[in-house]
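Residues per chain, in single letters:
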Amino acid sequence: MIPAGRVQILTGLTANQLREWAHRRDLVPPDVEAGGPGRPALYSWQTVLLLRIAVVLRERFRIELQAHKELLHALHELLSGVPFPALRGGVLALRAMEHGELLSEGMARVGVGVRGMAGRDALFHPVGA
């Protein structure tokens, strides 16, 4: 488990931003709540990865995270229990910012204007679809 101070370094979030996202907005809560002075909140590597993904969505793609709170919670569930080596070569596909799935190496390609599931635009889709 990773303490909140280290999570700030890994994600680029300030202490205030991390508290805001974890508690006030309930976007990505810690895996273990803070236990008082000297006992910071703790985060699993999966939760740190999700925080980093959220930072990229907000900063690079200008996505309002609060509007996609349910997606962030679903992604937390998706990553929960996944061993780190299983992610090697994988792709996280976000479909219409409503659904996420992990695709293995060779199962996805990047496309622009590609039609995905249920006729919605998708950045990634299964090869051969």
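Please refer to the structure higher up on the page.
Keep in mind it's a predicted model, so treat the numbers as computed, not measured.

Participant: Please give an account of the side chain of Ser44 that cites residues and values.
Facilitator: Within the element layout of this structure, Ser44 appears in the loop between β2 (42-43) and α3 (45-59). Its relative accessible area of 13% is what places Ser44 among the buried residues. At 3.1 Å, the side chain of Ser44 and the side chain of Thr47 are in polar contact.

Participant: Requested: an account of the layout of surface pockets, with residues and values cited.
Facilitator: Approximately 170 Å³ is the volume found for the second largest pocket. Lining the second largest pocket, in full, are Ala4, Gly5, Gln8, Ala15, Leu18, Arg19, Ala22, His23, Ala34, Pro40, Ala41 and Tyr43. For the lining of the second largest pocket, the secondary structure elements donating two or more residues are α1 (4-11) and α2 (15-24). No other element matches α2, which puts five residues into the lining of the second largest pocket. For the lining of the second largest pocket, the class distribution of residues is eight nonpolar, three polar and one charged.

Participant: Any chance you could break down unusual backbone geometry for me, citing the residues and the numbers?
Facilitator: For Asp26, which is not glycine, the phi torsion reads 55° and is therefore positive. Looking at the element boundaries, Asp26 is found in the loop between α2 and β2. A positive phi angle, near 55°, is found at Arg62, a position not held by glycine. Inspection of the secondary structure puts Arg62 in the loop between α3 and α4 (69-79). A relative accessible area of 69% places Arg62 in the exposed class.

Participant: Explain the packing of α3 against α4 to me, and be specific about the residues and the numbers.
Facilitator: Viewed as axis vectors pointing N to C, α3 and α4 meet at an angle of 145°, and their least axial separation amounts to 9 Å. For the element pair α3 and α4, the recorded crossing hand is right-handed. For the pair α3 and α4, contact is made by Gln46, Thr47, Leu49, Leu50 and Ala54 and by Leu72, Leu75, His76 and Leu79, respectively. Its residues assigned to classes, the contact of α3 with α4 shows six nonpolar, three polar and no charged.

Participant: Can you break down the packing of α2 against α3 residue by residue, with the values?
Facilitator: Taken N-terminus to C-terminus, the directions of α2 and α3 make an angle of 100°; their axes are 13 Å apart at the nearest point. By the angle between their directions, the pair α2 and α3 is classed as roughly perpendicular. Only Leu51, Ala54, Val55 and Arg58 of α3 make contact with α2, whose side of the interface consists of Gln17, Leu18 and Trp21. In the contact of α2 with α3, the residues fall into five nonpolar, one polar and one charged.

Reading the values: the criteria
- Residues numbered from 1 in each chain as written.
- Predicted model: local features only at pLDDT ≥ 70, side-chain atom pairs only at ≥ 80, totals over all residues.
- Heavy atoms only, no water.
- Helix = DSSP H or I, 4+ residues; strand = E, 2+ residues; numbered from the N terminus.
- Buried < 20%, exposed > 50% of the residue type's maximum accessible area, 1.4 Å probe, protein only.
- Polar contact = N/O pair within 3.5 Å; in protein donor to acceptor, adjacent residues only side chain to side chain.
- 1 Å grid on protein atoms, 1.4 Å probe; cavity = no way out; pocket = protein on both sides within 12 Å on 5 of 7 lines; lining within 4 Å.
- Points joined across faces, edges and corners; volume = space filled by probe spheres on them.
- Nonpolar A, V, L, I, M, F, W, Y, C, P; charged D, E, K, R; others polar.
- Axes fitted to C-alpha atoms, helices over the stretch in contact; angles between N-to-C directions.
- Left-handed = near helix turned anticlockwise from the far one by under 90°.
- Contact = heavy atoms within 4.5 Å.
- Parallel < 35°, antiparallel > 145°, perpendicular 65-115°, else oblique.

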